Amino acid sequence: MWRMAIIYGVFSASNLITPSVVAIVGPQLSMFASGLFYSMYIAVFIQPFPWSFYTASVFIGIAAAVLWTAQGNCLTINSDEHTIGRNSGIFWALLQSSLFFGNLYIYFAWQGKTHISESDRRTVFIALTVISLVGTVLFFLIRQPESENVLGEDESSEEQDLEVNESAQNTMAKAVDAFRKSLKLCVTREMLLLSITTAYTGLELTFFSGVYGTCIGAVNKFGTEEKSLIGLSGIFIGIGEILGGSLFGLLSKNNRFGRNPVVLLGILVHFIAFYLIFLNMPGDAPIAPVEGTDSTAYIRSSKEVAMFCSFLLGLGDSCFNTQLLSILGFLYSEDSAPAFAIFKFVQSICAAVAFFYSNYLLLHWQLLVMVIFGFFGTISFFSVEWDAAAIVARGSDYRSI
């Protein structure tokens, strides 16, 4: 948990400078450099040492901030108001497919093992490092939109040299301008409202990616399968994420009702999941010792219910994140990097806070925090979406910066 708190803490702080980085080097090079740091972080686990472990955690926090801002910017500049919803859904489904395939491999490859050998661990992380490097190189295959200011063949070399010099002089100005826009954007009404929704996604991200698996593994009533159920839970979370991203991406083009119905579905699905988890899991499961807990839940703890809740957590998360990516790309289409940086700043800092308190709060209190933020986050998203829909209906361009 402390490792994740470090990563998300650095992640949140780094988002303050990522718009400037993306403005200087561009989204493609930003994603490539970040991918190299991701590969380095994975490689650390081949032969981990405490110093390399925590150092890599700091670097991956910085790289993650740059990567997410660059990805959001790349997604936006390759989309328009008609395709941003579809592209956001496809992006999210592809992103979360790692949850399904990764956990599926671990579940079957390590099934029945009570001890993971050095050979098994190294094999997994060597394979992941190679896959990460291949994916990093593939960033160069992403298309770049045609620039309106491409040099014509008839321009003289002096004119070209002049433009290069001006570009070099404007590099620092671009960085300062991107940072200034980020600060200005932070206090706009739309971003403040969306920050409540974003904060909720940070809290529930921590819950389904760290806390819920810990709860499942701590329930001794699940018997000898309690540890393997953690991997199975990740598979069902991945299925929910992929299904949601694919479904909402395909339906977005013909969706006449906007983004609100999807977000409403997401909060209802999550509330059902939270209620079932409240009934199915012992209250002390998140803070149970290594030996687990023998405490009883309100109902007889069921593995089937636990896996169903995993699916609901993934499906609800995809509802919120696909629509947040879509609305940010729509509202801030002309300067998306600062918007996505603020989005990840709020999300990551709330995730870091959640990782911290998850070591101390009982399960029902953690669920209550998410219910409160989820309710107000949904209302605030509705408000922004209604304003955006009204402006579109008037045929006006949306400008917030």
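Worth saying up front: this structure is predicted, and the values here are computed from it rather than measured.

Focus: the side chain of Thr 322
As for its placement among the helices and strands, Thr 322 is situated in helix α12 (residues 303-331). Taking the relative accessible area as the measure of exposure, Thr 322 reaches 1% and is therefore buried. Engagement of the side chain of Thr 322 in a polar contact is seen with the backbone oxygen of Ser 318, the distance being 2.6 Å. A polar side-chain atom of Thr 322 sits 3.4 Å from the main-chain carbonyl oxygen of Cys 319. If near-sequence neighbours (up to four positions away) are discounted, Thr 322 is found in contact with Ser 88, Gly 89, Trp 92, Gly 245 and Phe 248.

So, the packing of helix α3 (residues 27-44) against helix α6 (residues 118-137)
Orientation of α3 relative to α6, taken along the N-to-C sense of each, is 175°, at an axis distance of 9 Å. Overall, the two elements α3 and α6 adopt an arrangement that is roughly antiparallel. Of the residues in α6, those touching α3 at Phe 32, Gly 35, Leu 36, Tyr 38, Ser 39, Ile 42 and Ala 43 are Phe 125, Leu 128, Thr 129, Ser 132, Leu 133, Thr 136 and Val 137.

Some thoughts on the environment of Gly 213
Mapping Gly 213 onto the fold places it in helix α9 (residues 189-218). Between the alpha carbons of Gly 213 and Leu 232 there is a distance of 9.6 Å; along the sequence they are 19 residues apart.

Things to note about the environment of Ser 348
Assignment of secondary structure puts Ser 348 in helix α13 (residues 336-357). Residue classification places Ser 348 among the buried positions, given a relative accessible area of 1%. In this structure the C-alpha to C-alpha distance between Ser 348 and Asn 15, which are 333 residues apart in sequence, comes to 9.1 Å. Every residue in contact with Ser 348, bar those within four places of it in the chain, is listed here: Tyr 8, Phe 11, Ser 12 and Asn 15. At 2.6 Å, the side chain of Ser 348 and the backbone oxygen of Lys 344 are in polar contact.

Considering the environment of Tyr 8
Turning to its location among the elements, Tyr 8 is positioned in helix α1 (residues 2-14). Contacts of Tyr 8, omitting those with residues within four sequence positions, involve Leu 205, Ser 348, Ala 351, Ala 352 and Phe 355.

Thoughts on the side chain of Thr 136
Tracing the sequence through the fold places Thr 136 in helix α6. Given the relative accessible area of 3%, Thr 136 is considered buried. Polar contacts involving the side chain of Thr 136 include one to the main-chain carbonyl oxygen of Gly 35, which spans 3.3 Å. A polar contact is formed between the side chain of Thr 136 and the backbone oxygen of Ser 132, at a distance of 2.8 Å. Apart from residues no more than four positions distant in its own chain, Thr 136 is found in contact with Phe 32, Gly 35, Leu 36 and Ser 39.

Some thoughts on the packing of aromatic side chains
Here the structure, examined in full by the defined rule, presents 16 aromatic pairs. Between Phe 375 and Phe 376, the ring centres sit 5.2 Å apart and the planes meet at 80°, which makes this aromatic pair edge-to-face. When its relative accessible area of 44% is taken as the criterion, Phe 375 is described as partly exposed. An aromatic cluster is defined as three or more aromatic residues linked by ring pairs; in this entry it consists of Tyr 41, Phe 45, Phe 53, Tyr 54 and Phe 125. Positioned above the aromatic ring of Trp 68, the side-chain terminus of Lys 344 is 3.8 Å from the ring centre.

So, the confidence of the model for the chain
With 86% of its residues at a pLDDT of 70 or more, the chain has an overall mean of 84. The weakest mean pLDDT in the chain belongs to helix α7 (residues 157-169) at 52; the strongest belongs to helix α11 (residues 260-280) at 96. Between residues 148-155, whose pLDDT stays under 50, and residues either more than four places distant or in other chains, the model counts 4 contacts. Every residue in residues 397-401 is under pLDDT 50, and counting partners more than four places away or in other chains gives 13 contacts.

Notes on the packing of α9 against α11
Put simply, α9 and α11 touch, their axes get as near as 13 Å, and they point 40° apart. The orientation of α9 with respect to α11, classified from their angle, is oblique. At the point where α9 passes α11, the crossing takes the left-handed sense. Contacts between α9 and α11 involve Tyr 200, Glu 204, Phe 207 and Tyr 212 from the first element and Ile 267, His 270, Phe 274 and Ile 277 from the second.

Remarks on the UniProt feature "transmembrane region" (unreviewed entry) in the chain
UniProt records the feature "transmembrane region" (unreviewed entry) at residues 51-70, 90-110, 122-142, 229-250, 262-281, 305-332, 339-357 and 363-384, using the numbering of this structure. Annotated as residues 51-70, this span is 100% helix and 0% strand, and its ends, taken at the C-alpha atoms, are 29 Å apart. Secondary structure across residues 363-384 comprises 100% helix and 0% strand; the distance between its end C-alpha atoms is 32 Å.

Looking at the nonpolar core
Counting residues in hydrophobic clusters, the biggest one holds 72 residues, and the most contacted among them are Phe 207, Tyr 212, Ile 277 and Met 281. Here this core takes 14 residues from α12, the largest share from any one element. Apart from residues lying up to four places away in sequence, Ile 277 is in contact with Phe 207, Tyr 212, Cys 309, Leu 313, Leu 363 and Leu 367.

Quick notes on the pattern of salt bridges
A complete count under the given rule lists 4 salt bridges for this structure. Among the ionic pairs, Arg 189 bridges to Asp 387, the shortest N-O distance being 2.5 Å. Separated by 198 residues along the polypeptide, Arg 189 in helix α9 and Asp 387 in helix α14 (residues 363-393) bring together distant segments of the chain. For Asp 387, a relative accessible area of 32% puts it in the partly exposed group. Here Arg 259 and Glu 385 are joined by a salt bridge, their closest N and O atoms 2.9 Å apart. With a gap of 126 residues between them, Arg 259 in the loop between α10 (228-251) and α11 and Glu 385 in helix α14 connect regions that are remote in the sequence. The pair Arg 259 / Glu 385 is uniform in exposure class, with both members buried. Several salt bridges converge on common partners, so that one network encompasses Glu 118, Arg 121 and Arg 122.

Reading the values: rules and limits
- Residues numbered from 1 in each chain as written.
- Predicted model: local features only at pLDDT ≥ 70, side-chain atom pairs only at ≥ 80, totals over all residues.
- Heavy atoms only, no water.
- Helix = DSSP H or I, 4+ residues; strand = E, 2+ residues; numbered from the N terminus.
- Buried < 20%, exposed > 50% of the residue type's maximum accessible area, 1.4 Å probe, protein only.
- Polar contact = N/O pair within 3.5 Å; in protein donor to acceptor, adjacent residues only side chain to side chain.
- Contact = heavy atoms within 4.5 Å.
- Axes fitted to C-alpha atoms, helices over the stretch in contact; angles between N-to-C directions.
- Parallel < 35°, antiparallel > 145°, perpendicular 65-115°, else oblique.
- Phe/Tyr/Trp six-rings, centres within 6.5 Å; stacked < 30°, edge-to-face > 60°.
- Lys NZ or Arg CZ within 6 Å of the ring centre and 35° of its normal.
- pLDDT = per-residue confidence, 0-100.
- Left-handed = near helix turned anticlockwise from the far one by under 90°.
- UniProt positions renumbered as here; feature names shortened; annotations may be inferred.
- Core = buried A, V, L, I, M, F, W, Y, C linked by side-chain atoms within 4.5 Å.
- Salt bridge = Lys/Arg side-chain N within 4 Å of Asp/Glu carboxyl O.

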